[in-house]
Amino acid sequence: MPTVHLLDYVAGNVRSLVNAIEKLGWTVEWIKTPDDVAKAEKLILPGVGHFGHCLSQFTRAGYTEPILEHIKVGKPFMGICVGLQALFGSSEEDVNVQGFGLIKGKLVKFNDADKSVPHIGWNSANTSSKDGVAGDSLYGLRPDSKYYYVHSYAVPYKPGVLEQQGWSVATARYGNEEFVGAIAKDNILATQFHPEKSGAAGLRVIKAFLEGQKTVQLSSQPSASSTKEGLTRRVIACLDVRTNDQGDLVVTKGDQYDVREKTSGGNVRNLGKPVEMAQKYYEQGADEVTFLNITSFRNCPIADLPMLEILRRTSETVFVPLTIGGGIRDTVDADGTKVSALDVATLYFKSGADKVSIGSDAVTAAEQYYANDSKLSGTTAIETISKAYGNQAVVVSIDPKRVYVAGADATPHHTLQTAFPGPNGEKHCWYQCTIKGGREGRDLDVRQLVQAVETMGCGEILLNCIDKDGSNSGFDLELINDVKQAVNIPVIASSGAGVPEHFAEVFERTPTDAALGAGMFHRGEYTVKQVKEHLQEKGLMVRRFED
Ligand code: 1PR
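What counts as what
- Residues numbered from 1 in each chain as written.
- Predicted model: local features only at pLDDT ≥ 70, side-chain atom pairs only at ≥ 80, totals over all residues.
- Heavy atoms only, no water.
- Salt bridge = Lys/Arg side-chain N within 4 Å of Asp/Glu carboxyl O.
- Buried < 20%, exposed > 50% of the residue type's maximum accessible area, 1.4 Å probe, protein only.
- 1 Å grid on protein atoms, 1.4 Å probe; cavity = no way out; pocket = protein on both sides within 12 Å on 5 of 7 lines; lining within 4 Å.
- Points joined across faces, edges and corners; volume = space filled by probe spheres on them.
- Nonpolar A, V, L, I, M, F, W, Y, C, P; charged D, E, K, R; others polar.
- Domains from an automatic or database assignment.
- Helix = DSSP H or I, 4+ residues; strand = E, 2+ residues; numbered from the N terminus.
- Pairing = 2+ DSSP bridges.
- Contact = heavy atoms within 4.5 Å.
- pLDDT = per-residue confidence, 0-100.
- Near = heavy atom within 4 Å.
- Polar contact = N/O pair within 3.5 Å; in protein donor to acceptor, adjacent residues only side chain to side chain.
- Areas by Shrake-Rupley, 256 points an atom, 1.4 Å probe, with all protein chains shown as cover.
- Sits in = over half its atoms within 2 Å of the grid points.

1. Thoughts on the pattern of salt bridges
Evaluated as defined, the whole model comprises 33 salt bridges. Residue D255 pairs with K262 through a salt bridge whose shortest N-O separation is 3.7 Å. Taking the relative accessible area as the measure of exposure, D255 reaches 29% and is therefore partly exposed. Residue classification places K262 among the exposed positions, given a relative accessible area of 58%. Salt-bridge contacts for K436 lead to E440; the nearest nitrogen and oxygen are separated by 3.6 Å. In this structure K436 comes out as partly exposed when scored by relative accessible area, which is 37%. Here the residues in one salt-bridge network are D255, D258, E261, K262 and R269, joined through shared partners.

2. Section: empty space enclosed by the protein
Summed over the entire model, instances satisfying the criterion amount to 4 cavities of 30 Å³ or more. Volume-wise, the largest cavity comes out at about 260 Å³. Surrounding the largest cavity, 22 residues form its lining, N13, V48, H194, E196 and D354 being those nearest its centre. When its residues are assigned to classes, the lining of the largest cavity shows 13 nonpolar, 5 polar and 4 charged. Each of domain 1 (3–227) and domain 2 (234–399 + 447–537) gives at least three residues to the lining of the largest cavity.

3. Describing the pairing of strand β12 (residues 177–185)
Of all 9 residues in β12, 7 are buried; the element is thus mostly enclosed. Relative to β12, strand β11 (residues 168–174) is paired through 7 bridges, and the arrangement is antiparallel. Bridging across to β12, T171 finds its partner in V180. Taking the residues between adjacent antiparallel strands as the criterion, β11 and β12 are bridged by 2 residues, where G175 takes a positive phi near 60°. Note: β12 against strand β13 (residues 188–191), 4 bridges, orientation antiparallel. Directly across from I183, in β13, lies its bridge partner A190. Taking the residues that link successive antiparallel strands as the turn, the β12-β13 hairpin has 2 residues, and the phi of D186 there is positive, at about 45°.

4. Quick notes on helix α1 (residues 15–23)
The set of residues buried in α1 consists of S16, L17, V18, N19, A20 and I21. Where α1 is buried, its residues meet β1 (3–7), β2 (27–31), β3 (43–45), β4 (77–80), α6 (199–210) and α8 (306–317). Looking one or two residues beyond α1, the residue adopting positive phi is G25, at roughly 90°.

5. Points about helix α9 (residues 341–350)
When we look at burial in α9, the residues that qualify are A341, V344, A345, T346, Y348 and F349. In this fold, the buried residues of α9 make contact with α8, β18 (322–325), β19 (331–332), β20 (338–339), β21 (355–358) and α11 (381–389).

6. Comments concerning the confidence of the model for the protein chain
Summing up the model confidence of the protein chain, the mean pLDDT is 93 and the portion of residues at 70 or higher is 97%. Note that residues 129–133 has pLDDT below 50 and, in this model, 6 contacts with residues that lie over four places away or in other chains.

7. Some words on the layout of surface pockets
Volume-wise, the largest pocket comes out at about 850 Å³. Along its surface, the largest pocket is lined by 48 residues, and Y257, L292, I294, D399 and G437 are the ones closest to its centre. Residue assignment for the lining of the largest pocket shows that the elements contributing at least two residues are β15 (234–243), β17 (288–293), β21, α10 (360–371) and β29 (514–517). When grouped by side-chain class, the residues that make up the lining of the largest pocket number 13 nonpolar, 22 polar and 13 charged.

8. Details of the site of the ligand
As a matter of local geometry, the ligand sits amid 26 residues, with S296, S360, D399, D469 and S495 nearest to it. Within the contact set of the ligand, a nitrogen atom lies 2.9 Å away from a side-chain nitrogen or oxygen of D240. At a separation of 2.8 Å, an oxygen atom of the ligand approaches a polar backbone atom of G496. If the ligand stood free it would expose 770 Å²; the protein chains cover 98% of that surface. Placement of the ligand is best described as lying within the largest pocket. Of all elements in the fold, only β15 and β29 reach the threshold of two or more residues within the shell around the ligand.

Right, dumping it as structure tokens:
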């Protein structure tokens, strides 16, 4: 099998990249020392996280010179995400660290006044108007395909500037900012998006690079309507996983977090096998898959974490982002060894996770943050994991419950006026944070939680709602609007989806960044594809699944 070399310096999820390369029939060899670089014929520089952290790690290890030499002698080189950013001179993310300076330009942070930052989701890499012969595409990039991006800093696109330096450029648009999505010249290809996480569209780009096909003839011409630039509406499938009474790991689903059947002996609902179901949702066009280990509050030996194997197997065939939640916290292993939340997260990233989702531990961390006069400790799971892997890798999953009150002054908590009065006609409510899967309510409201965790470095909020969970009555729009007002990071709306119309409703009536469904998909009532078709009919842009 032909071989491609990968630099073994990133901490994040490189397993998915290896899986993608192997699926294409190539073998990966690791570069472990600077001397190994000279042995490489084709070289891929993956990168995820913080520009300064990656670049300084990289320079300290002595890789910069050998890589520049690899590029200079004309051998194929591909950079991914921070691997693209490294080619430029510098980044606002860390002004004390220099990039390779092969391309003039600086990365700047997206403006969060009018949109969520980080930029997370499926966007274009559009070469159609600027490049080459009609019908040819740069490294298999299609103007009607969408690619998975996750970053806060980007190279602003200024028409003609990079082209004058001989570069071919593919662009994407986020809000009113146009930026470089991919760039190529001679033996170099670099993508800001993650091709290994971009389904068939991304695998096509990796294949073209491996096979040295700088231009690929498009099999069909995209229609003008399918080439619209911009971020698509993200639809996420969520799998709550736990061991059932027979000891099997199953996908389950609760009503207001109660996952036991109301009849037939109160068994844990068994809706299928996690890996198979993730694969099914990938093929239906899910933009992401989330696994939540819902019995994580029970301690379990670290090496046996049941979700590790699920991730390893899922990442072999599912090439969209995978999030894992449940049990991400400091813990003590069966033999008494202390294991930090960062170590637990590392195990998950190495097994194919792109993001970890933190629930109970985030609530505890926020309580301590306020008890400590809103000072960061630097030691929480959110802080340590986001520092090592970047904010985009840390999701906080919230399990709030509505608490009705007679008026806004009846509680010190942040309340909102609701169109759905409480049992005694109360017109106000606040959202109480819970831990241990809703088993324990805390004296902390959702607004306090989201603002604290954003400060700590959380990159995205997974906003469940216990009152709505499994109700099939639609998302809690009031809660979602309220949380969106409080933070700048992306929010995933969750709980209550029962029909495709609920997805359209949440995208039309709130500024949510993504929407998640579980029960309606697991019970086979609707597919992800049907949800996306409905969104499209409503004029909301979605990513179409490519084979
Ligand atoms: O506290 O960090 O160990 O994480 C535990 C994780 O497990 C949390 O993310 C928590 O939300 C989740 N969890 C714990 N218990 C349950 C349960 O159901 N008994 N599941 C649970 C939460 C809620 C959603 C669900 C949506 C959509 N699941 O993720 O998928 O509500 O459902 P629907 O579309 O069918 O309405 P930690």
